[in-house]
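An overview of the molecular structure
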Amino acid sequence: MSGGRDVYIVGNWKMNQSLEEIDSFLNQISTLNSNNHAWIAPQALHISKCLEKKPGFLKVGSQNCAHEDSGAFTGELSPKSLKEIGVHFTLIGHSERRSLYGEGDDLLYKKTLKALENNLYVIFCIGETLEEREAGKVEEVLSEQLSNGLRDINSKNVLIAYEPVWAIGTGVTASPEQASDAHKFIRNFIKENMKLDSQTTPILYGGSVKPENIKELLSNEDIDGGLVGGASLKADSYINLHKNA
Ligand code: PEP
């Protein structure tokens, strides 16, 4: 990372963890002494428990939020209510939301606006599938996802996560060169086409990040942290992500 930007280690717990596992995780990380931002996104049911038991430095987020504050949206998560209970950030546009629940760019744009209006930080996720990469469409996909999903947004509360879909949960990490190319492209695309500040917007990498590879990934000047699934579930692994970052 460079340009004086901070480092973020963000755990995406997806639909995992029992109450007992959460207790154990929070107890074990309570003495973590890290210069990096420590964020986790538990499943929605567990957010309140995490907020209640967390050490002060840890920020808790949501894996999703709705595009409206209230109303007839059965099963959704109100950004206003998330803020009210003390949630710090939300993921928007994770590839699992895009592919399994059909969330498209227009909806993701509306969700982002609402989350920002409620003073939540937004980690906006983008990334290409393997087919798109093999068809040479990486830059086309990333630029579309950025310019549709973040359009005219100009906010210091937006972080971007580049997550190549083929690297999520597969154990296959993008090579340092692939990650570097994508992150450079994203920062440059923001600079030339968008209202976000290209120098200060954090761009995280996600896709099989582990304690063993985080150092190399972060040695890249355009990578400002990791969005981490599997390797963020156990406290010792989460602690080692911080130590090795
Ligand atoms: C993710 O959940 O966003 C992710 C990148 O998962 P994993 O680290 O398990 O690949």
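Just above sits the structure.
Read on for a plain summary of the structure.

Cut-offs and rules
- Residues numbered from 1 in each chain as written.
- Predicted model: local features only at pLDDT ≥ 70, side-chain atom pairs only at ≥ 80, totals over all residues.
- Heavy atoms only, no water.
- Phe/Tyr/Trp six-rings, centres within 6.5 Å; stacked < 30°, edge-to-face > 60°.
- Helix = DSSP H or I, 4+ residues; strand = E, 2+ residues; numbered from the N terminus.
- Buried < 20%, exposed > 50% of the residue type's maximum accessible area, 1.4 Å probe, protein only.
- Lys NZ or Arg CZ within 6 Å of the ring centre and 35° of its normal.
- Near = heavy atom within 4 Å.
- Polar contact = N/O pair within 3.5 Å; in protein donor to acceptor, adjacent residues only side chain to side chain.
- Areas by Shrake-Rupley, 256 points an atom, 1.4 Å probe, with all protein chains shown as cover.
- Arc of directions from axis to C-beta.
- Contact = heavy atoms within 4.5 Å.

**Overview of the packing of aromatic side chains**
Tallying each qualifying case throughout the model produces 7 aromatic pairs. Seen from their ring centres, W13 and F25 are 4.8 Å apart, and the 80 degrees between their planes marks the pair as edge-to-face. Residue W13 is found in the loop between β1 (8–12) and α1 (19–29), and its partner F25 is found in helix α1; the two are separated by 12 residues along the sequence. Look at W13 and you get buried, because its relative accessible area is 0%. Look at F25 and you get buried, because its relative accessible area is 1%. Here the aromatic rings of W39 and Y121 are separated by 5.9 Å at their centres, their planes lie at 65 degrees, and the arrangement is edge-to-face. Highlighted residues: W39 in strand β2 (residues 37–41) and Y121 in strand β5 (residues 121–126), separated in sequence by 82 residues. A network of ring pairs unites the aromatic residues Y8, W39, F89 and Y121 as a single cluster. Cation over ring: R151 sits above Y109, and NZ or CZ is 4.0 Å from the ring centre.

**Concerning the site of the ligand**
Near the ligand you find 14 residues, and of these K14, E163, G169, S208 and G229 are the closest. Contacts to the ligand include G169, whose backbone N or O atom sits 2.6 Å from an oxygen atom. At 2.9 Å, a backbone N or O of G230 approaches an oxygen atom of the ligand. Protein burial of the ligand: of its 290 Å² of free accessible surface, 95% is covered by the chains.

**Description of α1**
Buried within α1 are the following residues: I22, F25, L26 and I29. Take α1 and look down its axis: the buried residues cluster within an arc of 90 degrees, on one side only. Residues of α1 that are exposed and angled more than 90 degrees away from the buried face: E20 and N27. Those residues of α1 that are buried are in contact with β2, α2 (47–53), β3 (58–62) and α10 (235–244).

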